[in-house]
Amino acid sequence: MFVYLSKKIAIPNQVRLRSVCWNTDDGWIACGGDNGLLKVLKLERPRYDKKTQGSHPGNLSMNQTLDGHTSSVVRVRWNENYKKLTSSDENGLIIVWVIHHNMWYEEMINKSKVGPVADMGWTPDGRKICIAYEDGAVIVGNVDGNRLWGKDIKTESELKCVEWSPDGRFILFGTINGDIDIYESDNGNKMVCNLRY
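Rules behind the numbers
- Residues numbered from 1 in each chain as written.
- Predicted model: local features only at pLDDT ≥ 70, side-chain atom pairs only at ≥ 80, totals over all residues.
- Heavy atoms only, no water.
- Pairing = 2+ DSSP bridges.
- Helix = DSSP H or I, 4+ residues; strand = E, 2+ residues; numbered from the N terminus.
- Axes fitted to C-alpha atoms, helices over the stretch in contact; angles between N-to-C directions.
- 1 Å grid on protein atoms, 1.4 Å probe; cavity = no way out; pocket = protein on both sides within 12 Å on 5 of 7 lines; lining within 4 Å.
- Points joined across faces, edges and corners; volume = space filled by probe spheres on them.
- Nonpolar A, V, L, I, M, F, W, Y, C, P; charged D, E, K, R; others polar.
- Buried < 20%, exposed > 50% of the residue type's maximum accessible area, 1.4 Å probe, protein only.
- Phe/Tyr/Trp six-rings, centres within 6.5 Å; stacked < 30°, edge-to-face > 60°.
- Core = buried A, V, L, I, M, F, W, Y, C linked by side-chain atoms within 4.5 Å.
- Contact = heavy atoms within 4.5 Å.

**Student:** I'd love a proper account of the sheet that holds strand S9 (residues 94-100), names of residues and values included.
**Tutor:** Spatial strand order, S7-S8-S9-S10: four strands in an open sheet with antiparallel pairing. Edge positions in the sheet fall to strand S7 (73-79) and strand S10 (103-110), since each has one partner strand and no second. Put simply, the sheet's adjacent strands are angled 25° from each other on average, direction ignored. Pairing geometry for S7 and strand S8 (residues 84-89), over six bridges, is antiparallel. Bridge pairing in S8 places Arg77 opposite Thr86.

**Student:** For the layout of surface pockets, give the residues involved together with the corresponding values.
**Tutor:** The volume enclosed by the largest pocket comes to roughly 260 Å³. What lines the largest pocket is a set of 18 residues, among which Met108, Asn110, Ile129, Ile131 and Gly145 lie closest to the centre. For the lining of the largest pocket, the secondary-structure elements that each account for two or more residues are S9, S10, strand S12 (128-133) and strand S13 (137-142). The greatest single-element share of the lining of the largest pocket, amounting to four residues, is contributed by S13. In terms of residue class, the lining of the largest pocket is built from 11 nonpolar, six polar and one charged.

**Student:** How would you summarise unusual backbone geometry if you had to cite specific residues and measurements?
**Tutor:** The phi torsion at Asn35 lies on the positive side, around 60°, for a residue other than glycine. Along the chain, the position of Asn35 falls in the loop between strand S2 (28-33) and strand S3 (38-43). One non-glycine residue, His101, adopts positive backbone phi at about 50°. Here His101 is to be found in the loop between S9 and S10. A relative accessible area of 69% means that His101 is categorised as exposed.

**Student:** Account for the packing of aromatic side chains, naming residues and giving values.
**Tutor:** Applying the stated criterion across every chain, the model contains three aromatic pairs. For the pair Trp28 and Trp104, a centre-to-centre distance of 5.2 Å together with 85° between the ring planes defines the contact as edge-to-face. Remark: Trp104 occurs in strand S10 and Trp28 occurs in strand S2; sequence separation between them is 76 residues. On the accessibility criterion, Trp28 (6% relative accessible area) is buried. When the centroid spacing of 5.5 Å and the interplanar angle of 75° are considered together, the rings of Phe173 and Tyr183 count as edge-to-face. Note that Phe173 is positioned in strand S16 (residues 170-175) and Tyr183 in strand S17 (residues 179-184), a separation of 10 residues in sequence. Feature note: the residues Trp28, Trp78 and Trp104 constitute an aromatic cluster, connected by ring pairs.

**Student:** Got a sec to walk through the nonpolar core? Specific residues and values, please.
**Tutor:** Counting residues in each nonpolar core, the largest one holds 15 residues, and the members touching the most others are Val40, Leu66, Val76, Trp78, Leu85, Trp97 and Trp104. Secondary-structure elements contributing two or more residues to this core are S2, S3, S7 and S9. The element that contributes the greatest number of residues to this core is S7, accounting for three residues. In this structure Trp104 touches Trp28, Val40, Met62, Gln64, Leu66, Trp78, Lys83, Lys84, Leu85, Trp97, Val98 and Ile99, once residues within four positions along its chain are discounted. Counting 13 residues, the second-largest nonpolar core is a separate cluster that includes Ile153, Leu159, Val162 and Trp164.

Written out as structure tokens, the structure reads:
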């Protein structure tokens, strides 16, 4: 037996999507695209029908467009533990959004002039975020918006992705050339081993 979820969601004016992220705890979906498009949708969980012994697809209970970005939204990441959404656009603008009375609002804005964000990610417990810029600049901050540390990571090619270890003690940075560097999350010191895929 195979089970799958199928739900078609229309994006206005056929705007090209650049990023999508699903908050599996609460059913939120964030969609970022060209022209500053950022939508947050809430997908209700499918309900089980005892008579037919099958599930009926969930409906969209919210479809909110968030205003704040003027260029293409290229990254969206959920902080499920703290009920926050972080978005960044191709100009490097980063916005942290929070939900209040069932509506999403800006909580923090970072108008850094560093450049395009390569990737960003929250620790599994949601207490820290790492923002990696394409040029190697890295910022680690806490959930309250305070900077814990920042540094320029020297790599042979531009940064492409960031991932936290499951315990939040280490940060992995991947480059477009396939190099992976490991750093300690509390101070940004590089670990001796490097990986390549």
